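# Inside the fold
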Amino acid sequence: MVNYRYLGNSGLKISEITYGNWLTHGSQVENDVASACVRAALDAGITTFDTADVYANTAAEQVLGDALKGERRESLEIFTKVYWPTGPKGPNDTGLSRKHIMESINGSLKRLDTDYVDLYQAHRFDVETPLEETMQAFADVVRQGKALYIGVSEWTADQIRDGAALAKELGFQLISSQPQYSMLWRVIEDEVVPASIETGVSQIVWSPMAQGVLSGKYLPGQPAPAGSRATDEKGGAQTISRFMNDETLTAVQNLKPVADELGLSMAQLSVAWVLQNDNVAAALVGASRPEQVAENVKASGVTIPAELMKQIDAALEDVVVR
Ligand code: NDP
């Protein structure tokens with residue numbers, strides 16, 4: 001079963017393996033497969049689910065809401081997000097203005113078919129709206145009981161510091177940051193993590209498997225396996241392309257002996273690796289089939305000895321983005 005960790009300086013416990021539905025629900029996979037993945041997550045002890053209003057143009061929230069129907073609400077932590085920079089329909093259908101936050105939360109709650117979300121996250125930082133206005137709107141969303149906690153995603157260290165300070169002034173806490181983090185993408189280590197520790201914020205990290213690349217299933221010079229994200233023309237193939245080069249795929253194959261030594265699959269190793277960082281509250285893992293969920297969840301509770309952590313660093317030295 002899955003271990004739990006506290007999110008930031010709050011009393012909220014979340015499953016350290018969290019299920020996310022970007023690119024899959026409402027897009028790459030049919031709804032029955034989406035439901036089967038959610039069922040597999042619940043059966044494995046995952047209680048925390050992450051989505052966003054923008055995923056599959058709002059369909060992902062609906063699919064997740066349908067898949068969770070009938071579950072005891074108190075046994076779930078449901079996270080969603082507001083504000084994606086591209087593709088607005090009208091001038092106010094974007095950003096972190098009071099208007100967009102208040103309208104977006106209502107739409108998300110309706111699609112998710114719930115009275116509240118446990119965590120409401122600013123998907124990106126909005127440079128055009130005063131941060132005071134954004135944080136006041138979040139404070140009101142919390143007071144209205146529509147969201148229990150507030151988080152951010154891909155904010156810089158300074159943005160997290162400023163947001164956390166304002167939240168404190170307004171009587172609530174900023175408890176989470178959702179950045180990309182994996183063995184291949186370590187950008188947060190130098191600034192975001194120290195700022196987060198300072199302000200009582202945890203990381204919920206996305207693409208811990210580098211979108212499937214760290215599972216080792218993509219081999220240099222060979223076509224991607226049928227049905228994998230790299231073959232998904234609805235969006236996946238494009239988003240994964242940053243990792244799909246021979247140098248990276250060759251380096252990733254060097255992780256196989258490390259995984260073997262720990263008795264793990266490479267997919268499990270990649271998820272366990274992000275969880276070695278104490279500031280990480282959860283690895284936010286996606287899945288296109290239920291068997292992947294059952295496999296990935298076994299990364300919970302794994303300790304990677306320091307010697308093997310060094311071996312991982314050496315194997316990836318030339319391809320890591322910092
Ligand atoms: P991962 O790195 O975990 O990639 C998941 C994908 O890898 C799956 O959909 C599947 O794709 C493949 N996979 C999973 N398990 C295995 C396995 N055991 N063996 C082989 N392949 C496997 O994360 P995602 O990129 O999906 O992101 C996870 C979540 O993070 C999202 O759902 C979303 O909630 C969040 N996110 C947040 C962002 C933000 O800006 N805040 C941005 C992006 C994501 P396939 O089978 O199709 O190859």
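Presented here is a report on the structure given in the accompanying data block. Quick caveat, the model's predicted, so the values are computed rather than measured.

### Points about the packing of helix α3 (residues 98-112) against helix α4 (residues 131-143)
In a packed pair of helices, the relevant descriptors are the angle between the two axes and the axis-to-axis distance. Interhelical geometry of α3 versus α4 gives an angle of 30° and a closest axis separation of 9 Å. The angle between the axes of α3 and α4 places the two elements in the roughly parallel class. For the pair α3 and α4, the sense of crossing is right-handed. Residues Arg 98, Ile 101, Met 102 and Ile 105 of α3 pack against Glu 133, Thr 134, Gln 136, Ala 137, Phe 138, Asp 140 and Val 141 of α4. Across the contact of α3 with α4, the residue classes break down as 6 nonpolar, 2 polar and 3 charged.

### As for the packing of aromatic side chains
One pass over the full model with this rule turns up 6 aromatic pairs. The ring of Tyr 116 is capped by Arg 73, whose NZ or CZ atom sits 4.0 Å from the centre of that ring. Lying over the aromatic face of Trp 185, Arg 242 brings its terminal NZ or CZ to 5.2 Å of the ring centre.

### A short note on the pairing of strand β10 (residues 280-285)
With 6 of 6 residues buried, β10 is to be regarded as a mostly interior element. Bridging between strand β3 (residues 17-20) and β10 involves 3 bridges; their strand directions are parallel. Bridging across to β10, Ile 17 finds its partner in Ala 283. In the sheet, strand β9 (residues 202-206) pairs with β10 via 4 bridges, with the strands oriented parallel.

### A few points about the site of the ligand
Among the 33 residues in the neighbourhood of the ligand, the closest are listed as Asp 50, Ser 207, Lys 217, Arg 229 and Ser 288. Take Lys 217: an N or O atom from its side chain is 2.6 Å from an oxygen atom of the ligand. Within the side chain of Ser 288, an N or O atom sits 2.6 Å from an oxygen atom of the ligand. Coverage of the ligand by the protein amounts to 97% of the 910 Å² it exposes when considered alone. Contributions of two or more residues to the shell around the ligand are made by β10 and α11 (290-296). Partitioned by chemical class, the residues of the shell around the ligand number 11 nonpolar, 16 polar and 6 charged.

Parameters and conventions
- Residues numbered from 1 in each chain as written.
- Predicted model: local features only at pLDDT ≥ 70, side-chain atom pairs only at ≥ 80, totals over all residues.
- Heavy atoms only, no water.
- Axes fitted to C-alpha atoms, helices over the stretch in contact; angles between N-to-C directions.
- Helix = DSSP H or I, 4+ residues; strand = E, 2+ residues; numbered from the N terminus.
- Parallel < 35°, antiparallel > 145°, perpendicular 65-115°, else oblique.
- Left-handed = near helix turned anticlockwise from the far one by under 90°.
- Contact = heavy atoms within 4.5 Å.
- Nonpolar A, V, L, I, M, F, W, Y, C, P; charged D, E, K, R; others polar.
- Phe/Tyr/Trp six-rings, centres within 6.5 Å; stacked < 30°, edge-to-face > 60°.
- Lys NZ or Arg CZ within 6 Å of the ring centre and 35° of its normal.
- Buried < 20%, exposed > 50% of the residue type's maximum accessible area, 1.4 Å probe, protein only.
- Pairing = 2+ DSSP bridges.
- Near = heavy atom within 4 Å.
- Polar contact = N/O pair within 3.5 Å; in protein donor to acceptor, adjacent residues only side chain to side chain.
- Areas by Shrake-Rupley, 256 points an atom, 1.4 Å probe, with all protein chains shown as cover.

That is the geometry; function is a separate question.
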